[in-house]
Amino acid sequence: MSAKLAPVDEIAVSLARPYILIVDDDETFLEGSRDYFSTCGCDVDTARTPEEAKKILQREGENKYQLIVTDYDFGVLSKTKGDKFIRENQHLLGKTKTVIISGAAGMTDEIRKKLREADAIFLEKNPVLKTKLKEITQEENEKLANNLERVVKKEVAPRIEKITGRPVDIKVVVSSPSHVKHPVYDLAVDSLKQTLIKWLKTRGELDEPVLAYGKNIYSANDMIKQVDAETEVGLEHVRMLLDEFEYSLEIDEDASRRYDDDTE
């Protein structure tokens, strides 16, 4: 007769929502980013200048944020560039991952060199920027969860086992993104889903893996299934379609403004 295994007590430790600090002089971008990341399960603080961001870091401490995103150029609001802000405030950043964002225009080799020297990730402002930032945030949160789990298992679990006399398994749980639904949410998502599915069906080889997301590559048919089922991957591509639409509106708006200026 085989011996019975001792029961294992399971303890789940929930990781707090990740915090992001975004520094940018564009109020529209800040507002849109705050709304976007809130629906992705993140809390967001914002600042319009490096000076304002520094005060927030001094007040909140170096361990609050999983990610700090800063614009490179703040125009007339501040003479401090994004790379200088990061280099001069390393003592306030701690182990926080830093990202510098900027439009492609004006990105000289000298500026790119400065960005590399700041030991930060550089991303261009484009329709998929928010998606990239979300991926980075999730990666940092998973690293934090893994590190915390190792520490808890090594230092806390033995104490619990000594007290209870029973083996214990501790898991650190990273909560999945929550999506805030508004009254027109279902209608809007369904319309965007159908538009994206129609576009995917126009792809040449529908079964050829050509769409990369994270570490996976999907065919058009695979992605149609993801979109139709409203998986995280599918909804992320719906958001990317919406970002493309918003980006086009901004371009059209600039073009209209230039046209108005020319006709005055």
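Scroll up to find the structure this text is about.
Structural notes, computed from the coordinates. (Residues numbered from 1 in each chain as written. Predicted model: local features only at pLDDT ≥ 70, side-chain atom pairs only at ≥ 80, totals over all residues. Heavy atoms only, no water.)

**Things to note about the overall build of the protein chain**
- A count of helices and strands for the protein chain gives 9 helices and 9 strands.
- In the protein chain, 65% of the contacts between residues at least 6 apart in sequence involve partners at least 24 apart. (Helix = DSSP H or I, 4+ residues; strand = E, 2+ residues; numbered from the N terminus. Contact = heavy atoms within 4.5 Å.)

**Focus on helix H1 (residues 27-39)**
- Across its 13 residues, H1 extends 19 Å between first and last C-alpha, which sits within 8% of the 18 Å expected from 1.5 Å per residue.
- Along H1, the positions that sit buried rather than exposed are Phe-29, Leu-30, Ser-33, Tyr-36, Phe-37 and Thr-39.
- The N-cap of H1, judged by a side-chain oxygen 2.9 Å from the amide nitrogen of Thr-28 a few residues on, is Asp-26.
- Looking one or two places after H1, you find Gly-41, whose phi comes out positive at around 85°. (Expected span 1.5 Å × (residues − 1). Buried < 20%, exposed > 50% of the residue type's maximum accessible area, 1.4 Å probe, protein only. Polar contact = N/O pair within 3.5 Å; in protein donor to acceptor, adjacent residues only side chain to side chain.)

**Details of the pairing of strand E7 (residues 168-173)**
- Residues Val-168, Ile-170 and Val-172 point to one face of E7 and are all buried, whereas Asp-169, Lys-171 and Val-173, pointing to the other face, are not buried.
- With 6 bridges connecting them, strand E1 (residues 9-14) and E7 associate as parallel partners. Across the sheet, the residue bridging to Ser-14 is Val-173, located in E7. (Pairing = 2+ DSSP bridges.)

**Looking at the sheet that holds strand E3 (residues 43-47)**
- Spatial ordering of the open sheet is given by E3-E2-E4-E5-E6, a layout of 5 strands whose pairing is parallel. Of all the strands in the sheet, just E3 and strand E6 (121-124) have a single pairing partner and so form its edges. Along the sheet, successive strands turn relative to each other by an average axial angle of 20°, direction set aside.
- Sheet topology places strand E2 (residues 19-23) next to E3; 5 bridges connect them, and they run parallel. Among the inter-strand pairings, Val-23 is bridged to a residue of E3, identified as Ala-47. (Axes fitted to C-alpha atoms, helices over the stretch in contact; angles between N-to-C directions.)

**Structural notes on the packing of aromatic side chains**
- A full pass over the atoms with the stated rule returns 2 aromatic pairs.
- With a centroid separation of 6.2 Å and 80° between ring planes, the pair formed by Tyr-19 and Tyr-65 is classed as edge-to-face. With a gap of 46 residues between them, Tyr-19 in strand E2 and Tyr-65 in the loop between helix H2 (50-60) and strand E4 (67-71) connect regions that are remote in the sequence.
- A relative accessible area of 27% means that Tyr-19 is categorised as partly exposed.
- Lys-64 extends its terminal NZ or CZ atom over the ring of Tyr-19, reaching a point 4.3 Å from the ring centre.
- The ring of Phe-29 has Lys-125 lying over it, and the distance from NZ or CZ to the ring centre is 5.1 Å. (Phe/Tyr/Trp six-rings, centres within 6.5 Å; stacked < 30°, edge-to-face > 60°. Lys NZ or Arg CZ within 6 Å of the ring centre and 35° of its normal.)

**Looking at the nonpolar core**
- Membership of the largest hydrophobic core comes to 19 residues, with the highest contact counts inside it found for Leu-21, Leu-57 and Ile-100.
- Elements represented by at least two residues in this core include exactly E2, H2, helix H3 (82-88), helix H4 (90-93) and helix H5 (109-117).
- Of the residues forming this core, the biggest block, 3 residues, is contributed by H2.
- Formed by 17 residues, the second largest nonpolar core is a distinct cluster that contains Cys-40, Cys-42, Val-69 and Ile-136. (Core = buried A, V, L, I, M, F, W, Y, C linked by side-chain atoms within 4.5 Å.)

**Some thoughts on the pattern of salt bridges**
- The final tally for this structure, using the stated rule, is 14 salt bridges.
- The partner of Asp-43 in a salt bridge is Arg-17, with the nearest N and O atoms 3.2 Å apart. Here Asp-43, found in strand E3, pairs with Arg-17, found in the loop between E1 and E2; they are 26 residues apart in sequence, far enough to count as distant.
- Classification of Asp-43 as partly exposed rests on a relative accessible area of 24%.
- Ionic pairing is found between Lys-84 and Glu-88, a salt bridge with its closest N-O pair at 3.9 Å. Placement of the pair is Lys-84 and Glu-88 together in helix H3, with a separation of 4 residues, close to one helical turn. (Salt bridge = Lys/Arg side-chain N within 4 Å of Asp/Glu carboxyl O.)

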